[in-house]
Amino acid sequence: MPLFIKYPENPFYFSLKLWLSIPILFLCGVSRSEVIPEISLQIGQDRVVVTTYQWINTTNLGKSSSSILSDINSIAWLRGINIPFQLNKYENSHVLRFNLKSEASRDYEWILSFDGWSYVDFYFKEPDQQEFLSKKSGILVPFRERDYPRGNNAFIRLNVMKNQYLECVVFLRQDYSKTDFPPLNLNFKISDIEHADAYESK
């Protein structure tokens, strides 16, 4: 049920209402998260922007990627919900966590686009697997070493089987000294491969 607070209309109570609204708005945007967001994959998706995921800022965390993956369930993840917050050069490393669920009627390939990121390390596995598989991309990664090299993009290509469920963890790192157009936020895009290739050919 929505929360409504009625205040008498005078300057003091208006100020009180404003201050009480700030934490409510903040919690609507960023909160501690125990539930991993699930992203549905459906054939015909055309550059769907993903804005809901778990995330942490790892710039000053002092942990390696292997350490984060091994302790993944003990980390105090935050949940970003439709937040176009501005990134800055002093916080250049982040980790996203989400699940992918195929709703497609057959095996299919998907493209995850991390526009503008210098380095992308993508880890994924099925729930019953012990070890993560990995792919890498990024606009500063040598072209031939990118997972799906297309133009100056940071693409990850995934072949997902019908009804397959994948746990995904993405390490994002930005080198602001070598990037003219850095990403503005942590959001990313998903397309089926046909739409992604059609967009790149335009």
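Because the structure is predicted, anything quoted here is derived from the model rather than measured.

Conventions we followed
Residues numbered from 1 in each chain as written. Predicted model: local features only at pLDDT ≥ 70, side-chain atom pairs only at ≥ 80, totals over all residues. Heavy atoms only, no water. Helix = DSSP H or I, 4+ residues; strand = E, 2+ residues; numbered from the N terminus. Buried < 20%, exposed > 50% of the residue type's maximum accessible area, 1.4 Å probe, protein only. Contact = heavy atoms within 4.5 Å. Areas by Shrake-Rupley, 256 points an atom, 1.4 Å probe, with all protein chains shown as cover. Phe/Tyr/Trp six-rings, centres within 6.5 Å; stacked < 30°, edge-to-face > 60°. Lys NZ or Arg CZ within 6 Å of the ring centre and 35° of its normal. Pairing = 2+ DSSP bridges. Axes fitted to C-alpha atoms, helices over the stretch in contact; angles between N-to-C directions. Salt bridge = Lys/Arg side-chain N within 4 Å of Asp/Glu carboxyl O.

K.L.:
Can you help me understand the overall build of the protein in this one?
P.N.:
Assigned secondary structure in the protein consists of 3 helices and 12 strands. For the protein, the residues scored as buried account for 41% of the 202 residues in total. Considering only intrachain contacts with a sequence separation of at least 6, the fraction spanning at least 24 residues in the protein is 75%. Just so you have it, the protein exposes about 12000 Å², and 54% of that area is on carbon and sulfur atoms.

K.L.:
Just to check I follow, could you spell out the packing of aromatic side chains for this structure?
P.N.:
Scanning the entire structure with this criterion turns up 7 aromatic pairs. We note Lys125 situated over the ring of Phe132; from NZ or CZ to the ring centre the distance is 5.4 Å. The ring of Tyr119 has Arg173 sitting right over it, with the charged end atom 4.2 Å from the ring centre.

K.L.:
Explain the sheet that holds strand S10 (residues 155-160) to me, please; I cannot follow it from the model alone.
P.N.:
Each strand in a sheet pairs with its neighbour through backbone hydrogen bonds, running either in the same direction (parallel) or in the opposite one (antiparallel). The 4 strands lie next to each other as S3-S12-S7-S10, forming an open sheet whose pairing is antiparallel. Two strands close off the open sheet at either side, each with one partner strand: strand S3 (48-50) and S10. When the angles between neighbouring strand axes are averaged without regard to direction, this sheet yields 30 degrees. Pairing of strand S7 (residues 108-113) with strand S12 (residues 188-192) involves 4 bridges; the strand directions are antiparallel. Along S12, the bridge assignment pairs Trp110 with Asp192.

K.L.:
Is there a simple way to explain the pattern of salt bridges in this structure?
P.N.:
Side-chain pairs of opposite charge can arise where the charged atoms are in close proximity. Enumeration over the complete set of coordinates arrives at 6 salt bridges. Between Glu167 and Lys125 there is a salt bridge, with its nearest N and O atoms 3.1 Å apart. Within this pair, whereas Glu167 is found in strand S11 (residues 165-173), its partner Lys125 is found in strand S8 (residues 119-125), the two being separated by 42 residues in sequence.

Function cannot be inferred from these measures alone, as they are strictly geometric.
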